[in-house]
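# Survey of secondary and tertiary structure
The chain contents come next:
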Amino acid sequence: MIELIPAIDLIDGKCVRLTLGDYSQKTVYHDDPVVIAQEFERQGIRRLHVVDLDGAKSHHIVNGSVLRAITDNTQLVVDFGGGIKTDADIEQAFEQGASMVTVGSIAVKSPQLFLRWLHRYGADRIILGADVRDGKISINGWMESSSEDLIPFLGRYISEGVRHVLCTDISRDGMLNGPSIPLYRDILRKYPTIHLIASGGVSSNDDILALERAEVPSVVFGKAYYEGKIDLTQLM
């Protein structure tokens, strides 16, 4: 069974979703992310993906107190991303209760720092974030493009011990037009040993089942759930 990982994206301490990573296309789904996290837990979810969008934009963690509130009030395994740029940031994320962190921009801009974190905290606590637009890695909350091509970018870090990869197709995020299954198949064909987490475009239970048939281990979803297009009771 594919692992189901709902996402809670944070702006101003609220649960939101963006369209195509555009901060001007924001929908607020709930003022209290803890309530949403508890509802996921009641439905049998065990893991949560929390993204500090303010942090991604500001280059440091902004919503750490919300992370702490979620981890204090649920038993969910939380992976946290957004704004993790320094040793102090990653330590704060773990201190506030994150079990894992998702790091993308630093892997592009400061490879040695990323590797130091990978070796210090271990491959089970560091998720390599790979946000992709037209085959290139994007960074800093998707506001900045890089020259990094996806496949060699992944390969460089997998060879250093990375086991968990969260790959988001930005062109599909928030669009509810289906996930990039061919992209994920290509990644798994090239790197069959990684634990790949698919993200972006999931619009229905059928999309999640299609990813499962493609042998993708895990899926992150958000907007489709908040808009009533995913029924977790049929997937658990």
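For the structure, see preceding data.
Everything numeric here is computed off the predicted structure, so don't read it as measured data. (Residues numbered from 1 in each chain as written. Predicted model: local features only at pLDDT ≥ 70, side-chain atom pairs only at ≥ 80, totals over all residues. Heavy atoms only, no water.)

What follows concerns helix α4 (residues 87-95). Among the residues making up α4, those that are buried are D89, I90, A93 and F94. Viewed along the axis of α4, the buried residues span an arc of 130°, placing them on a single side of the element. Exposed and facing more than 90 degrees away from the buried side of α4 are A88 and E95. Buried residues in α4 make contact with α3 (64-73), β5 (77-81), β6 (100-103), α6 (111-121) and β7 (126-133). Downstream of α4 by one or two residues, G97 has phi in the positive range, about 110°. (Buried < 20%, exposed > 50% of the residue type's maximum accessible area, 1.4 Å probe, protein only. Helix = DSSP H or I, 4+ residues; strand = E, 2+ residues; numbered from the N terminus. Arc of directions from axis to C-beta. Contact = heavy atoms within 4.5 Å.)

The next subject is the nonpolar core. I8, F114 and L154 are the most contacted members of the largest nonpolar core, which totals 72 residues. The element that contributes the greatest number of residues to this core is α6, accounting for 6 residues. In contact with I8, not counting residues within four places along its chain, are C15, P33, I36, A37, F40, L48, H49, V50, V51, I70 and Y226. (Core = buried A, V, L, I, M, F, W, Y, C linked by side-chain atoms within 4.5 Å.)

Once that is clear, we can look at helix α1 (residues 33-42). Those residues of α1 not exposed but buried are P33, V34, I36, A37 and F40. Take α1 and look down its axis: the buried residues cluster within an arc of 160°, on one side only. In this structure, the buried side of α1 is in contact with β1 (3-11), β2 (14-19), β3 (22-30), β4 (47-52), α3 and α10 (223-226). Here α1 starts with a cap whose side-chain oxygen sits 3.0 Å from the backbone nitrogen of V34, and that cap is D32. Directly after α1, the chain includes G44, whose backbone phi takes a positive value near 100°. (Polar contact = N/O pair within 3.5 Å; in protein donor to acceptor, adjacent residues only side chain to side chain.)

For the coordinates displayed, the defined rule picks out 12 salt bridges. Note that R47 is salt-bridged to E3, the shortest N-O span being 3.4 Å. Here R47, found in strand β4, pairs with E3, found in strand β1; they are 44 residues apart in sequence, far enough to count as distant. Residue classification places R47 among the buried residues on the basis of a relative accessible area of 7%. Residue R68 is joined to D72 by a salt bridge in which the shortest nitrogen-to-oxygen separation is 3.1 Å. (Salt bridge = Lys/Arg side-chain N within 4 Å of Asp/Glu carboxyl O.)

Next up on the list: the packing of α1 against α3. The interhelical angle for the contact between α1 and α3, taken along N-to-C directions, is 35°, at an axis separation of 9 Å. The element α1 and its partner α3 pack so that their crossing is right-handed. Side by side, α1 and α3 meet where P33, V34, A37, Q38 and E41 of the first sit next to V66, A69, I70 and N73 of the second. Of the residues in the contact of α1 with α3, the class split is 6 nonpolar, 2 polar and 1 charged. (Axes fitted to C-alpha atoms, helices over the stretch in contact; angles between N-to-C directions. Left-handed = near helix turned anticlockwise from the far one by under 90°. Nonpolar A, V, L, I, M, F, W, Y, C, P; charged D, E, K, R; others polar.)

It is worth spelling out the packing of aromatic side chains at this point. Evaluation of the coordinates by the stated rule reveals 7 aromatic pairs. On the basis of an interplanar angle of 50° and a centroid distance of 4.8 Å, the ring pair of F40 and Y225 is categorised as tilted. With F40 in helix α1 and Y225 in helix α10, this pair connects stretches of sequence that are 185 residues apart. With a relative accessible area of 18%, Y225 lands in the buried category. For the ring pair F153 and Y157, a centre distance of 5.5 Å and an interplane angle of 75° mean the geometry is edge-to-face. Here Y157 and F153 lie together in helix α7 (residues 150-158), a separation of 4 residues that amounts to about one turn. The residues F153 and Y157 share a single accessibility class, namely buried. Among the aromatic residues, those joined into a cluster by ring pairs are Y29, F40, Y225 and Y226. Sitting over the face of the ring of F94, R125 holds its NZ or CZ atom 3.9 Å from the ring centroid. (Phe/Tyr/Trp six-rings, centres within 6.5 Å; stacked < 30°, edge-to-face > 60°. Lys NZ or Arg CZ within 6 Å of the ring centre and 35° of its normal.)

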